[in-house]
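# Breakdown of the fold
Each chain, letter by letter, is given below.
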Amino acid sequence: MPIFCGGKGQAPDWCELHQFDIVTIEAGSDPYDFHRVGNKEKLIIGNGSCTLQGLGGEEVIETGANIDLPMGPNDAHFRIASVIENVTAIRMAGDWGEEVGGSGLFSVLALDEQQDVDRVDRGDAVDYEKKTNFDCHFHDCDEYWILFEGVGVVYSEGVRYEVSSGDCVATGMGHHHDFPLVHESVRAVYFETTMERDKRRGHLWDHTHGKAEPHLGRI
């Protein structure tokens, strides 16, 4: 089962991402502390702006900020000290390698918001209903999608799953995955963890990069 929720002990045993949290903080709220729970941690700001303490100082961060949080002797926690504009913060913790793939934000639009969207789909062919331009692809690493807005349908390892805000889709290396249907427009984080095999970056397709070799222990 590749779908899991936030908090401790929810991720499958094979996952390098052990835990995630989605935190929404309103402007003017008290400071919010994240207590360190993993050997590696990453923070991505989904919406808003705030000040972050815990990297040897304080800095203003905004939507799209993508910060690796090194663990040192004085790094037991980090803090969102003040919220300038309502913030959605996604914290990821686990034990991934030094050479990782990409990470950041992505969106998948509902049909009524797709008028001006490029409908070209460069992905591998599928045999299920598809109404987005999201491409069916695989990776030379594991990938995690963490939804913080919206509702839709994903396919991972050939299985259909209904997903919504608060879900994480964990797809093991070499398994195809896709986001073919959206009921409410989705905003999410993607995180590609330790690069393996040929360490090819980005989306890979059978028709371009050779047939996928799914890792059968990661499902």
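The written sequence of each chain sets the order in which its residues are numbered from 1. Predicted model: local features are reported for residues with pLDDT of at least 70 only, side-chain atom pairs are reported and counted for 80 or more only, and whole-chain, interface and lining totals are derived from all residues. Where side-chain values are given, they derive from all heavy atoms of the structure, hydrogens and water being excluded.

## A word on the side chain of R91
Under the scheme used here, helices are H or I runs from DSSP no shorter than 4 residues and strands are E runs no shorter than 2 residues, and both carry numbers assigned from the N terminus. By the element assignment, R91 lies in strand 7 (residues 77-94). The buried label applies to any residue whose accessible area, calculated with a 1.4 Å probe on protein chains only, is under 20% of its type's maximum; exposed applies above 50%, and partly exposed to all values in between. Accessibility expressed as a relative area gives 5% for R91, which makes it buried. For the purposes of these results, a polar contact is taken to be a pair of N or O atoms within 3.5 Å, where, inside protein, one atom must be able to donate a hydrogen and its partner to accept one; residues adjacent in sequence count only when each atom of the pair is a side-chain atom. Among the polar contacts made by the side chain of R91, one reaches the main-chain carbonyl oxygen of H35 at a distance of 3.2 Å. In this description, contact between two residues means that some pair of their heavy atoms is separated by no more than 4.5 Å. Residues within four places of R91 in sequence aside, it is in contact with Q19, F20, D21, F34, H35, R36, V37, E41, K42, L43 and F78.

## Comments concerning the confidence of the model for the protein chain
In regions of low pLDDT, the predicted coordinates are not meant to be interpreted in detail. By definition, pLDDT measures how confident the predictor is in each residue, and it falls between 0 and 100. Model confidence for the protein chain is summarised by a mean pLDDT of 92, while 92% of its residues fall at 70 or above. Put simply, strand 3 (residues 32-35) is where the protein chain has its lowest mean pLDDT, 91, and strand 11 (residues 167-171) is where it has its highest, 98.

## Thoughts on the packing of aromatic side chains
Note on ring pairs: Phe, Tyr and Trp rings are taken, using the six-membered ring of Trp, and paired if centres are within 6.5 Å. Classes follow the plane angle, with under 30 degrees stacked, over 60 edge-to-face and the rest tilted. All chains considered together, the criterion is met by 11 aromatic pairs. Taken together, a centroid distance of 5.9 Å and an interplanar angle of 50° make the contact between F106 and F134 tilted. With F106 in strand 8 (residues 103-108) and F134 in the loop between strand 8 and strand 9 (143-156), this pair connects stretches of sequence that are 28 residues apart. Classification of F106 as buried rests on a relative accessible area of 13%. Summarising the aromatic geometry, the rings of W145 and F179 are spaced 5.8 Å apart at their centres and angled 20° between planes, so their arrangement reads as stacked. Taken together, the residues span a long stretch of sequence, with W145 in strand 9 and F179 in strand 12 (residues 177-192) at a distance of 34 residues. Under the relative-accessibility criterion, W145 is labelled buried at 2%. Members of the aromatic cluster, each reached through a chain of ring pairs, are F106, F134, W145, F179 and Y190. Here the basic side chain of K42 rests over the ring of F191, its NZ or CZ set 5.4 Å away from the ring centre. Two thresholds decide whether a charge sits over a ring: the Lys NZ or Arg CZ must be within 6 Å of the ring centre and within 35 degrees of the ring normal.

## Things to note about the nonpolar core
Put simply, a nonpolar core is a bunch of buried Ala, Val, Leu, Ile, Met, Phe, Trp, Tyr and Cys residues held in one set by side-chain atoms that sit within 4.5 Å of each other. In terms of nonpolar packing, the biggest core is built from 17 residues, with F4, L17, M92, Y144 and I146 touching the most fellow members. Those elements giving two or more residues to this core turn out to be strand 2 (17-25), strand 7, strand 9, strand 11 and strand 12. Ranked by the residues each element gives to this core, the list is headed by strand 9, at three residues. If we skip the residues at most four places from it in the chain, L17 touches F4, A11, M92, A93, W96, Y144, I146 and C168. With 16 residues, the next largest nonpolar core counts L43, I45, I61 and I80 among its residues.

## Topic: the pattern of salt bridges
For salt bridges, the criterion is a side-chain nitrogen of Lys or Arg within 4 Å of an Asp or Glu carboxyl oxygen. A full pass over the atoms with the stated rule returns 15 salt bridges. Among the salt bridges present, the one from K131 reaches E129, with a minimum N-O distance of 3.3 Å. Given a relative accessible area of 48%, E129 falls into the partly exposed group. The partner of D140 in a salt bridge is R200, with the nearest N and O atoms 2.8 Å apart. In this pair, D140 is assigned in the loop between strand 8 and strand 9 and R200 in the loop between strand 12 and helix 1 (206-209), connecting sequence segments 60 residues apart. D140 sits in the buried class, given a relative accessible area of 2%. Through salt bridges with shared partners, a single network forms among D21, R36, E41 and R91.

## Re the side chain of E41
Counting through the fold element by element, E41 comes out in strand 4 (residues 40-53). The exposure class assigned to E41 is buried, which follows from its relative accessible area of 2%. Engagement of the side chain of E41 in a polar contact is seen with the backbone nitrogen of G38, the distance being 3.1 Å. Excluding anything up to four places from it in sequence, E41 contacts H35, R36, I67, D68, L69, F78, R91, M92, A93 and W96.

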